[in-house]
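# Summary of structural features
Listed here are the chains, written in short residue letters.
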There are 2 protein chains.
Amino acid sequence: MRQQRLLNPTLRDVPGDAEAASHRLMLRAGLIRQLSSGIYSYLPLGLKALQNIQQIVREEMDAAGAQEMLMPALHPSELWKASGRWDVYGPELMRLEDRNGREFALGATHEEVITTIVKVEIHSYKKLPVTLYQIQTKYRDERRPRFGLLRGREFLMKDAYSFDRTESGLDVSYQSMYDAYVKIFTRCGLQFRAVEADSGAIGGTDTHEFMALADVGEDTIVHCIACQYAANIEKAIGTLPEQRKTDTISPASQPVKVHTPQVTSIKQLSQFLQIDANQIIKSVALHIDGTPVIVLLRGDYELNEIKLKQAIGAAQVSMLSEDDIEKLGSIAGFIGPIGLQNVRIIADSSIMGLKDAVVGANEPDFHLVHVDVERDLGPISYHDVRNVAQGELCTHCGHELSFAKGIELGHVFKLGTKYSSSLGATFSDENGVSEPIIMGCYGIGVSRVLAAIIEQNYDERGIIWPESITPFTIHLLTVHVQDEIQMKLSEEIYTTLIRAGYSVLWDDRDERPGVKFNDSDLLGFPLRITVGKKANERVVECKERRDGSQYERSVEHILTHCHSLFQTGGRSSHE
Amino acid sequence: MRQQRLLNPTLRDVPGDAEAASHRLMLRAGLIRQLSSGIYSYLPLGLKALQNIQQIVREEMDAAGAQEMLMPALHPSELWKASGRWDVYGPELMRLEDRNGREFALGATHEEVITTIVKVEIHSYKKLPVTLYQIQTKYRDERRPRFGLLRGREFLMKDAYSFDRTESGLDVSYQSMYDAYVKIFTRCGLQFRAVEADSGAIGGTDTHEFMALADVGEDTIVHCIACQYAANIEKAIGTLPEQRKTDTISPASQPVKVHTPQVTSIKQLSQFLQIDANQIIKSVALHIDGTPVIVLLRGDYELNEIKLKQAIGAAQVSMLSEDDIEKLGSIAGFIGPIGLQNVRIIADSSIMGLKDAVVGANEPDFHLVHVDVERDLGPISYHDVRNVAQGELCTHCGHELSFAKGIELGHVFKLGTKYSSSLGATFSDENGVSEPIIMGCYGIGVSRVLAAIIEQNYDERGIIWPESITPFTIHLLTVHVQDEIQMKLSEEIYTTLIRAGYSVLWDDRDERPGVKFNDSDLLGFPLRITVGKKANERVVECKERRDGSQYERSVEHILTHCHSLFQTGGRSSHE
């Protein structure tokens with residue numbers, strides 16, 4: 001394609017609120033434009049990259065035996081009411097009424113629709129298992145859309161749904177999608193980890209998130225560089241290192257009350273008493289399913305609400321109000337486990353064996369010091385209800401855990417019978433017995449993948465596209481379009497490469513060379529071929545975008561050279 | 001692909017409200033399923049056909065130099081307010097509010113969005129002309145969704161927009177899209193006509209509709225089989241045949257009043273007076289831009305409101321109320337041009353020269369007969385404000401015009417500066433002078449094309465796919481899957497054909513042969529290869545769906561045979 005008329009408005013500056021590198025670069029390189037908050041148009045180059053991702057997704061889904069279909073974005077509210085999600089989903093679900101006052105949702109996900117289709121069309125075990133997928137636009141009215149395509153309100157998603165007779169069948173379908181995801185993200189050139197994730201309120205057993213490692217990521221991944229273990233922070237577990245468990249023995253035979261005026265935070269207390277936070281026991285006062293509960297953690301740890309819910313089988317967790325804390329006979333900021341009546345106490349294993357610890361005294365401006373957990377707190381049940389922190393060890397291999405930020409690219413999830421039960425999707429087995437179909441769901445944020453690829457592939461000059469995704473493989477740049485020799489040679493090279501099946505963008509614009517070189521680095525296709533002053537010798541300059549290597553080649557060898565560089569050469573269909 | 005697990009639920013019966021053949025067949029063949037009125041899911045085979053159409057559209061758009069992009073479906077209301085269409089579009093435009101109460105439209109078309117993008121990104125004549133397109137989902141809340149994909153509320157459309165400096169540039173862009181459309185619909189195997197259409201309120205000069213000829217079509221096409229003339233009924237013009245102009249001479253020297261009790265319609269009057277409708281002059285009382293107007297037409301013609309508006313430069317036309325008719329000194333059902341005061345009279349040329357005609361007498365239950373238009377109506381201005389009717393002649397070649405029903409597949413339209421002016425999309429010319437960009441817009445109803453193809457390609461047994469669109473080229477059918485020889489031979493043929501690049505659906509279902517043959521005819525792929533009782537002789541039966549021809553072939557010759565039948569053989573990418 002010739003660049004002269006290509007709609008590819010590159011920018012020097014971008015709005016200050018474009019914080020993420022991918023957001024800035026997609027705006028600067030003219031790949032996308034914002035229409036409204038979290039809503040973007042794809043300009044020609046952005047769409048080409050997006051379509052390349054779609055093609056990879058489609059190929060791997062098909063190879064895994066999934067069948068492509070396409071469902072609407074307008075969903076009658078009845079379906080979402082039947083599943084119970086019309087009320088649960090909240091303002092993130094966009095809603096509207098048609099001209100006759102019938103309510104619709106704009107599909108945020110398609111469990112309701114696909115389950116309804118399968119309910120009507122599949123009745124026998126003979127038609128199972130089946131996995132169906134679509135690549136389709138989703139709508140979620142995010143409270144805070146940001147980072148360009150990373151968190152949008154209208155975005156492209158691949159969503160797949162598997163339908164099985166048995167749990168073991170689901171295991172197979174799940175693994176098949178898991179394997180396909182590994183292939184997809186690998187082909188996209190991404191650095192990623194499949195991490196164990198929490199299955200949340202849906203109550204499935206297995207779930208994995210596929211995370212691209214990137215500083216801009218909003219999720220925290222805990223992983224082990226010595227073994228394969230990886231989980232997101234909600235789900236991750238670790239072992240406390242031995243040295244931290246060795247505490248000094250309490251120098252007193254019982255707790256001692258000390259005056260700590262207006263010292264209410266761990267940080268303040270640590271400074272005031274000149275001790276480490278790991279000698280303080282934090283008491284978190286909660287309202288769990290209507291009952292007050294105090295959760296004890298070591299001062300340097302954070303409560304993990306999801307683990308807490310799972311540990312004690314709780315549904316609703318909220319902070320206890322100051323009034324309710326006073327009803328327990330305590331006061332906010334000075335809560336402690338000693339002397340409290342009528343309240344359930346749950347301890348994180350991080351406080352196990354602490355011998356010279358500090359707790360709140362349950363009266364204003366006082367704490368208790370020299371607390372020995374075993375001696376002073378009586379019988380207590382321990383759970384893992386903390387976020388794993390720096391320094392903890394891998395439970396599988398004992399190596400110290402690492403932490404990284406990640407972008408969620410995809411998600412595989414065992415749904416079980418949640419939707420098939422509520423929407424009535426059943427099958428008859430060999431004996432004519434009717435049972436709910438067992439489901440899995442599998443999502444990939446296709447447009448988010450595009451942004452994640454850029455987050456992992458850029459430098460200060462612009463994007464560095466992986467060969468599998470790049471809008472064009474080769475950028476042919478004519479330095480002076482007024483120069484007839486340069487233009488003629490460029491045309492010859494362009495035709496040769498196109499005929500060989502390469503996708504080539506030819507910068508035939510009448511612009512200053514500096515502008516053209518800068519734009520070329522910004523656009524970031526794998527190979528630039530510059531036709532300049534040595535055109536009369538039939539020599540061009542090559543520059544590889546990723547490593548910056550530059551060298552000359554005679555035109556006679558340019559095709560052979562491209563074949564040596566690119567796997568896609570001669571097979572690519574776009575031009 | 002193997003059919004055993006394919007989600008392809010065929011039906012014997014379909015809902016009675018599925019009137020159109022394409023609607024019935026797409027339901028019966030398991031291509032689509034309705035989710036809500038005018039809202040459909042595409043099951044795997046339906047999506048494959050739809051994707052084949054998309055691919056053809058994409059290839060021809062790219063070949064015509066148009067650039068693909070992708071715009072969102074959520075449009076901020078501000079854009080539609082700026083163009084004035086937020087109010088004008090009415091209930092067909094679906095609207096919603098986001099969580100912050102901001103109004104959005106679901107894109108029914110994208111002039112506002114594309115013009116805004118071009119306004120921001122293109123400033124110089126150097127970047128013009130440019131044509132941009134997308135293949136994207138549109139939303140229109142039709143008052144009466146029907147005929148399956150022919151008139152839906154959520155549907156797939158290709159919309160293109162051209163941007164030019166000059167009117168002559170627009171002519172070139174327009175012709176380029178026109179030519180691409182001819183290629184697209186030809187490749188889709190459609191019988192179609194490009195017809196002149198009315199440019200409506202937008203006021204463009206040229207506009208053509210591409211119409212698939214089909215009885216279910218909601219549009220009437222007037223065309224000449226002797227020359228290339230074709231127009232839709234709103235735009236079509238014809239010449240009255242000579243013989244109809246020869247009328248008897250009025251036997252009286254002035255009009256005569258006759259009693260016609262309760263005779264108010266042309267039909268009643270014709271019967272009552274025992275005359276042909278072409279001897280009656282119809283008086284249509286209208287309110288045009290606030291003024292009462294009487295339009296005269298011959299009784300066998302219908303008023304064409306669009307022609308009327310253009311003929312007299314009117315904007316708003318409505319029927320005159322009975323009260324207003326009485327204010328003119330007449331009465332509904334008995335209006336006539338003679339003796340009316342203070343009213344503008346417009347005559348269609350069909351009444352020119354009538355010599356023994358009947359008109360209303362402007363009093364209850366009376367008409368005037370023996371009216372001579374020239375003698376009795378005085379000076380009168382004639383216009384063409386009727387729908388062309390059977391028997392009229394082509395104005396280009398004099399041949400009698402033909403009438404057909406058509407489905408609108410696509411539309412090419414010269415917009416001019418309507419949107420660029422209202423939204424401020426201008427360019428600077430060589431002298432730095434700013435001018436509005438001149439636009440064209442070009443739509444194809446991609447999902448409607450799918451339905452139109454079926455409307456033109458079916459018989460009583462099912463669909464008959466054109467090779468370019470068929471979901472699979474070959475249907476391989478194993479009669480008895482329990483028969484090891486049949487299954488082994490089928491597998492061999494399947495592998496051979498797939499390796500050769502053919503798209504094959506293999507019916508490996510354990511069903512009765514009758515069910516399988518019926519389904520195969522219903523699905524309607526071009527070639528069926530049946531592996532049955534002669535499998536042990538390595539002989540299979542071929543059946544060509546379109547002409548029904550059946551013959552045997554040895555397996556050794558099957559590939560050569562397919563190569564002789566299909567152009568796509570060996571090049572198809574789906575399997």
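Rules used in this analysis
- Residues numbered from 1 in each chain as written.
- Chains lettered and ligands numbered in written order.
- Predicted model: local features only at pLDDT ≥ 70, side-chain atom pairs only at ≥ 80, totals over all residues.
- Heavy atoms only, no water.
- Helix = DSSP H or I, 4+ residues; strand = E, 2+ residues; numbered from the N terminus.
- Expected span 1.5 Å × (residues − 1).
- Buried < 20%, exposed > 50% of the residue type's maximum accessible area, 1.4 Å probe, protein only.
- Least-squares fit on C-alpha atoms with pLDDT ≥ 70 in both.
- Contact = heavy atoms within 4.5 Å.
- Pairing = 2+ DSSP bridges.
- Domains from an automatic or database assignment.
- Buried area = accessible area lost by both parts, 1.4 Å probe.
- Salt bridge = Lys/Arg side-chain N within 4 Å of Asp/Glu carboxyl O.
- Polar contact = N/O pair within 3.5 Å; in protein donor to acceptor, adjacent residues only side chain to side chain.
- Nonpolar A, V, L, I, M, F, W, Y, C, P; charged D, E, K, R; others polar.
- Axes fitted to C-alpha atoms, helices over the stretch in contact; angles between N-to-C directions.
- Parallel < 35°, antiparallel > 145°, perpendicular 65-115°, else oblique.
- Left-handed = near helix turned anticlockwise from the far one by under 90°.

This part is about helix H6 (residues 167-187) of chain B. Residues and elements named next belong to chain B. An ideal rise of 1.5 Å per residue puts 30 Å on 21 residues; H6 measures up with 30 Å between its terminal C-alpha atoms. Every buried residue of H6 is accounted for by Gly-169, Leu-170, Ser-173, Tyr-174, Met-177, Tyr-178, Ala-180, Tyr-181, Ile-184 and Phe-185. Phi turns positive one or two residues past the end of H6, at Gly-189, with a value near 75°.

Of the two same-sequence chains, chain A is brought onto chain B (RMSD 0.1 Å, axial shift 0.1 Å) by a rotation of 180°. Both copies are brought into coincidence by an operation consistent with a two-fold rotation axis. Relative to the rotation axis, the closest C-alpha in chain A is found at Leu-96 of chain A, a distance of 2.6 Å. By residue overlap, the copies meet face to face through one surface: 98% of the interface positions of chain A are interface positions in chain B.

Residues and elements named next belong to chain A. Taken together, five strands build an open sheet; the order of strands is E16-E14-E15-E17-E20 and the sheet is mixed. Because the sheet does not close on itself, it has two edges, and the strands there are strand E16 (317-319) and strand E20 (382-383). In this structure, strand E14 (residues 281-288) lies alongside E16, joined through three bridges in antiparallel fashion. By the bridge assignment for E16, Leu-286 is matched with Met-319.

Where interface size is given, it is often the accessible area lost as the parts come together that is meant. All names here are of chain A. Entries for chain A in the domain assignment read domain 1 (21-190 + 414-454), domain 2 (242-383) and domain 3 (472-565). Each of domain 1 and domain 3 was reduced to a C-alpha centroid, and the two centroids are 40 Å apart. Taken together, the five residues of domain 1 in the interface contact four residues of domain 3. Each partner contributes to the roughly 410 Å² buried at the junction of domain 1 and domain 3, and carbon and sulfur atoms together form 86% of this total. Considering only the surface of domain 1 that becomes buried against domain 3, Arg-28, Ala-29 and Leu-45 emerge as the three largest contributors, covering 76% of it. Linking domain 1 with domain 3 are zero salt bridges. In this structure, the connection of domain 1 to domain 3 is made through zero residue pairs in polar contact (both at pLDDT 80 or more). When the residues that make up the side of domain 1 that touches domain 3 are grouped by side-chain class, the tally is three nonpolar, no polar and two charged.

On to the sheet that holds strand E13 (residues 256-259) of chain B. Within a sheet, each strand pairs with its neighbour through backbone hydrogen bonds, oriented either parallel or antiparallel. Residues and elements named next belong to chain B. Across the sheet, three strands lie side by side as E13-E19-E18; this open sheet has antiparallel pairing. Since the sheet does not close on itself, it has two edges, and those belong to E13 and strand E18 (357-360), each with one partner. Neighbour to neighbour, the strand axes of the sheet diverge by 35° on average, direction disregarded. With three bridges connecting them, E18 and strand E19 (residues 366-371) associate as antiparallel partners. Each residue of the ladder has a partner; that of Ala-357, found in E19, is Val-371.

Below, the discussion takes up the packing of helix H2 (residues 44-63) of chain B against H6 of chain B. Residues and elements named next belong to chain B. At a closest axis distance of 9 Å, the pairing of H2 and H6 adopts a crossing angle of 150°. With respect to H6, the element H2 is oriented roughly antiparallel. The crossing of H2 and H6 is right-handed. Between H2, through Ile-56, Val-57, Glu-59, Glu-60 and Met-61, and H6, the contact on the second element is made entirely by Met-177, Ala-180, Tyr-181, Lys-183, Ile-184 and Arg-187. Classifying every residue of the contact of H2 with H6 gives seven nonpolar, no polar and four charged.

This next bit is on the interface of chain A and chain B. Each partner contributes to the interface: chain A provides 58 residues, whereas chain B provides 57 residues. Overall, the association of chain A and chain B removes approximately 4,900 Å² of surface from exposure, summing both partners, and the carbon and sulfur fraction of that is 60%. Interface area lost by chain A to chain B is led by Arg-5, Leu-35 and Arg-99 of chain A, which between them contribute 14%. The interface formed by chain A and chain B includes four salt bridges. Between Arg-33 of chain B and Glu-121 of chain A there is a salt bridge, with its nearest N and O atoms 2.6 Å apart. Linking chain A with chain B are 24 residue pairs in polar contact (both at pLDDT 80 or more). Tallying contributions element by element places helix H2 (residues 44-63) of chain A first for the side of chain A that touches chain B, with five residues. When its residues are assigned to classes, the side of chain A that touches chain B shows 33 nonpolar, seven polar and 18 charged.

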